[in-house]
Amino acid sequence: MLDDNVVFEIQKWKPSQQFSYGTAGFRAHANLLPPVVFRCGILAAARALSIPCVCVGLMITASHNPSEDNGVKIIEPDGSMLSEKWETIASKLVNLDNPRQILEELCVEEDVALKNKSVRPTVYVGYDSRESSEPLSRLAQQAVKLMGLKYKCFGKVTTPQLHYFVKVANEGVQANKENYFQRIAMGWDTLSQYAFTNTLENENIFRIVDCANGVGSEAMQGLIEYTKIKNVLCVNTGDGELNKHCGADFIQKNVIFPIISDSSKIESIPSNALVHFCSLDGDADRLIYFIAEKSESDSWCSLTGQRVRVLEGDRLSVLAALVIKKFLDVLHGGNLSVGVIQTAYANGASTAFLKDLGEPIQVECVSTGVKHLERAARRYDIGIFWEANGHGTILFSESAKSFLREIIESTAKHTKKAALCLLALSSIANQATGDAISNFILAEALLKVMGWQDLTSWESLYQDLPNIYKALHVQNKEIIQTVDQERTVIAPESVSRVIKDLSESQPSYRFLIRPSGTENVVRIYGEGPSLQTLIHLMQQIENVVLQACGTPKA
Ligand SMILES: CC(=O)N[C@H]1[C@@H](OP(=O)(O)O)O[C@H](CO)[C@@H](O)[C@@H]1O
C-alpha cells in the first residue's frame, strides 16, 4: 500500500510544463527543474526497489548546455542508461497531476515494495559544477528519503564516474574515485610496459585539455596524479563560463578555436612542441581532439575564433579499431567478434575506412542517441562505439575478458603480451558508458601504440568528406518522420520528395534530416565530394524543411 503522506508530498511538486525523458534525461532551464528533480528522486527509488540491486544512480547535469540549464538522469544498476520502459514511466511520473495511479501501478507491475522491501538499495547521487546542481541534488535526496531509502552523495563528479560507481558497486566492488583512477592507471602502465613503441616519454609532446570550465577539470587532476602522464596542461578549468565558446560540443559544431580563459598556462610551450589539443564537455562524457596551427610569433589565445581541424568521434573509433585489430592479429582473432557502431552522422570516409579493415571488424549504423550505440555494442565480444560528437567507449564482454585471461595464463610470450594489452584497454575504457577522462588516456595510449607523436598521422589515415551540419529552429519539428536508422525521410511528402530527387540526381551525396531528440530543432546534415555543390544542395533542403516545419514566431 502506498503511504498517503508520500503521495501528498509528491503532488506538491508539480512541474509547470510537460517534460519528456530522452537520451539526455530531463533537461531545461534550471528554474523549471525543482519539481522534476524531486519526482526523479521518487523515480530513482522506485527503480531501485523494482529490481534486486545494490544501488541505482541519479546525476544532476545538463552536460554541454549553457550554465543556466540543468538536467537529471537515472542510471541503471549495471551502469547503463535508463531502460526504454522506464523512460516512459519517468515521463508519466513527472507530468501527472496526481501520480498516485502510476505509483500504484509500479507497486504491482514492477513489484516495487516501496517502504516494505527488506533489502534496502541505495540511490547514488552526483552532480556537476553548475550553481544550481547542488541545491537540486538535495531535493532528489529528500525524495529518496521520503521513499524510505538511503542515498549516498558523491558530490561533484563527472557523469561517467557516477555510471562507473553504480556499475562496480553492483558487482561488489567499492565505488570511489581512487578505484576509478587506479584501474585507468593500471591499464596505462601495462600498455607503457608492453606496447608503447617509444618507452621514453617524449618531452616534446604537450597535451592541452580544454575542460569547458566544468566538472572535468577536477577529474583531470586526479587522472594526471594517478597515471603520472607528463606534459598535460589543463585550461578552462573554471575561471570562465561553463561551455561558453569552449568545450567538446562547441568545437565539434563550430570547428573553431575556443576561448581560453587562462591562456597564460600554455603560452610558454616551446614553439617546436608537438601539441595535442582536446576538449571535454561540461560533464566530461565527450572528448574531441583538434589540430590548430599557429606561427611562432602568435600567442595561442590569438587563435580564438580561427578555424581548426577537428578529429571527430569517428576518428577515435578508427584508432581503437586499428589497435585492437593489431593485437587480435597476434592472437589470430580467437573468434572474437568486433563491432564498430556508428550513427548516420559518422563521416562516410570513416565508415569506408573501417569497412576496408576487414575481418574481424564489422561496422553497424544505428539511430542517433548514445543509448542505441551502447546497446548495439554490447552484442559483440568487443564493441567499439563513438558518436561523431565524441561520446563513446570500447566495451569488452565477460567472455572476451575470460578468453584473454586464459591466454595470459597459458601461452607464449608474444601472444601473452597482446592479450595483456587488450585487457589493459578494457581497464582504461569505461565499461559503463562513454567517458572523456578515461578516453583522453585511451587516445594518448592508442597513439603511442601506433607510434604516432603528431596528431597529423592520425588525421591523414583518410580525408573526411566535405560536410555541412545545421540546426534549424522550427515551429514543429515532429512532422519530420524517418526510417532506416533515420537515413530516409518518409514524411512530410515535400521534404521526402526533395531529398529523393537530390539523392537520385546527385548519387555521391547523402543527406540526413531528423528532428532532434533533445532540442527544439531539426538537424540537417549533408556530405559529398564537393563543398560548393553541397552548399547549394543544402540550401534547397533548408528551404523545404523550413517551409514544411514552419519558421518560429519572432
Ligand atoms: C547530432 C548530435 O550531436 N546529436 C546528439 C544529441 O541528440 P539529438 O537527438 O540530435 O538532439 O544529443 C544526444 C544526447 O546527448 C546525443 O546522443 C546525440 O548524438
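Residues numbered from 1 in each chain as written. Predicted model: local features only at pLDDT ≥ 70, side-chain atom pairs only at ≥ 80, totals over all residues. Heavy atoms only, no water.

Draft legend 1. Structural context of the pairing of strand β9 (residues 287-291). With respect to burial, β9 is a largely interior element, five of its five residues being buried. In β9, alternate side chains face the same way, and those of Leu 287, Tyr 289 and Ile 291 on one face and Ile 288 and Phe 290 on the other are all buried. Judged from the four bridges that link them, strand β8 (residues 274-280) and β9 form a sheet pairing that is antiparallel. Paired with Cys 278 across the two strands is Tyr 289, which belongs to β9. Linking β8 back to β9 in an antiparallel pair, the connection comprises six residues, with Ala 284 at a positive phi of about 60°. With three bridges connecting them, β9 and strand β10 (residues 309-311) associate as antiparallel partners. (Buried < 20%, exposed > 50% of the residue type's maximum accessible area, 1.4 Å probe, protein only. Helix = DSSP H or I, 4+ residues; strand = E, 2+ residues; numbered from the N terminus. Pairing = 2+ DSSP bridges.)

Draft legend 2. Fine view of the packing of helix α7 (residues 177-194) against helix α14 (residues 413-428). The geometry of α7 relative to α14 is characterised by a closest axis approach of 8 Å and an angle of 150° between their N-to-C directions. Looking at the two axes, α7 sits roughly antiparallel to α14. In this structure, α7 meets α14 at a crossing whose hand is left-handed. Where α7 abuts α14, its residues Arg 183, Ile 184, Met 186, Gly 187, Trp 188, Thr 190, Leu 191 and Tyr 194 lie against Lys 417, Leu 420, Cys 421, Ala 424, Leu 425, Ser 427 and Ile 428. Here the contact of α7 with α14 is composed, by residue class, of ten nonpolar, three polar and two charged. (Axes fitted to C-alpha atoms, helices over the stretch in contact; angles between N-to-C directions. Parallel < 35°, antiparallel > 145°, perpendicular 65-115°, else oblique. Left-handed = near helix turned anticlockwise from the far one by under 90°. Contact = heavy atoms within 4.5 Å. Nonpolar A, V, L, I, M, F, W, Y, C, P; charged D, E, K, R; others polar.)

Draft legend 3. Inspection of the pairing of strand β6 (residues 205-210) at higher detail. Among the six residues of β6, six are classified as buried, and the element is accordingly described as predominantly covered. Along β6, one buried face is formed by Ile 205, Arg 207 and Val 209 and the opposite face, lined by Phe 206, Ile 208 and Asp 210, is buried too. Examined bridge by bridge, β6 and β8 share six bridges and lie parallel to one another. Note that in β8 the partner of Ile 205 across the bridge is Leu 274.

Draft legend 4. Structural view of the environment of Arg 47. Inspection of the secondary structure assignment puts Arg 47 in helix α2 (residues 34-50). The class for Arg 47 is buried, based on a relative accessible area of 9%. For the pair Arg 47 and Gly 57, spaced ten residues apart in the sequence, the C-alpha separation amounts to 9.8 Å.

Draft legend 5. Focus on the nonpolar core. Core analysis: the largest hydrophobic core is formed by 87 residues, its most contacted members being Leu 191, Met 220, Phe 327, Ile 384, Ile 394, Leu 425 and Phe 440. With near-sequence residues (within four places) excluded, Met 220 lies in contact with Val 209, Cys 211, Val 232, Cys 234, Leu 280, Ile 437 and Phe 440. The next biggest cluster of nonpolar side chains, apart from the first, holds 44 residues, and it includes Val 36, Val 72, Ile 74 and Leu 139. (Core = buried A, V, L, I, M, F, W, Y, C linked by side-chain atoms within 4.5 Å.)

Draft legend 6. View of the site of the ligand. Close contacts around the ligand come from 14 residues, with Glu 387, Ser 516, Gly 517, Thr 518 and Arg 523 the closest. Within the backbone of Val 370, a nitrogen or oxygen atom sits 3.4 Å from an oxygen atom of the ligand. Within the side chain of Glu 387, an N or O atom sits 2.6 Å from an oxygen atom of the ligand. Starting from 440 Å² of accessible surface for the ligand in isolation, the protein chains cover 90%. Considering only residue class, the shell around the ligand consists of two nonpolar, seven polar and five charged. Summarising the domain contributions, the shell around the ligand has at least three residues from each of domain 3 (313-459) and domain 4 (467-549). (Near = heavy atom within 4 Å. Polar contact = N/O pair within 3.5 Å; in protein donor to acceptor, adjacent residues only side chain to side chain. Areas by Shrake-Rupley, 256 points an atom, 1.4 Å probe, with all protein chains shown as cover. Domains from an automatic or database assignment.)

Draft legend 7. Representation of the pattern of salt bridges within the structure. This model, assessed by the stated rule, comprises 30 salt bridges. Glu 171 is the salt-bridge partner of Lys 167, the closest N and O atoms lying 2.8 Å from each other. Notably, a salt bridge pairs Glu 444 with Arg 207, separated by 2.8 Å at the nearest N-O pair. Here the residue Glu 444 occupies a position in helix α15 (residues 436-450), and Arg 207 occupies one in strand β6, the gap between them amounting to 237 residues. One exposure class covers both Glu 444 and Arg 207, and it is buried. (Salt bridge = Lys/Arg side-chain N within 4 Å of Asp/Glu carboxyl O.)

Draft legend 8. Region of interest: the side chain of Ser 50. Within the secondary structure layout, Ser 50 lies in helix α2. Reaching out from Ser 50, the side chain makes a polar contact with the backbone oxygen of Arg 47 at a distance of 2.8 Å.

Draft legend 9. Local environment of the domain arrangement of the chain. Partitioning the chain into structural domains gives domain 1 (4-175), domain 2 (180-311), domain 3 (313-459) and domain 4 (467-549). Here domain 2 and domain 4 have C-alpha centroids that lie 34 Å from each other.

Draft legend 10. Here's a closer look at the packing of aromatic side chains. On inspection of all chains with the given rule, the structure shows 18 aromatic pairs. Measuring from centroid to centroid gives 5.0 Å for Tyr 180 and Phe 181, while their planes differ by 75°, and the two rings are edge-to-face. Grouping residues by exposure puts Tyr 180 and Phe 181 together as buried. Seen from their ring centres, Tyr 345 and Tyr 525 are 5.8 Å apart, and the 75° between their planes marks the pair as edge-to-face. A residue pair is termed long-range when its members are at least 10 positions apart, and Tyr 345 in the loop between β11 (338-343) and α11 (348-357) and Tyr 525 in strand β19 (residues 521-527) qualify at 180 residues. (Phe/Tyr/Trp six-rings, centres within 6.5 Å; stacked < 30°, edge-to-face > 60°.)

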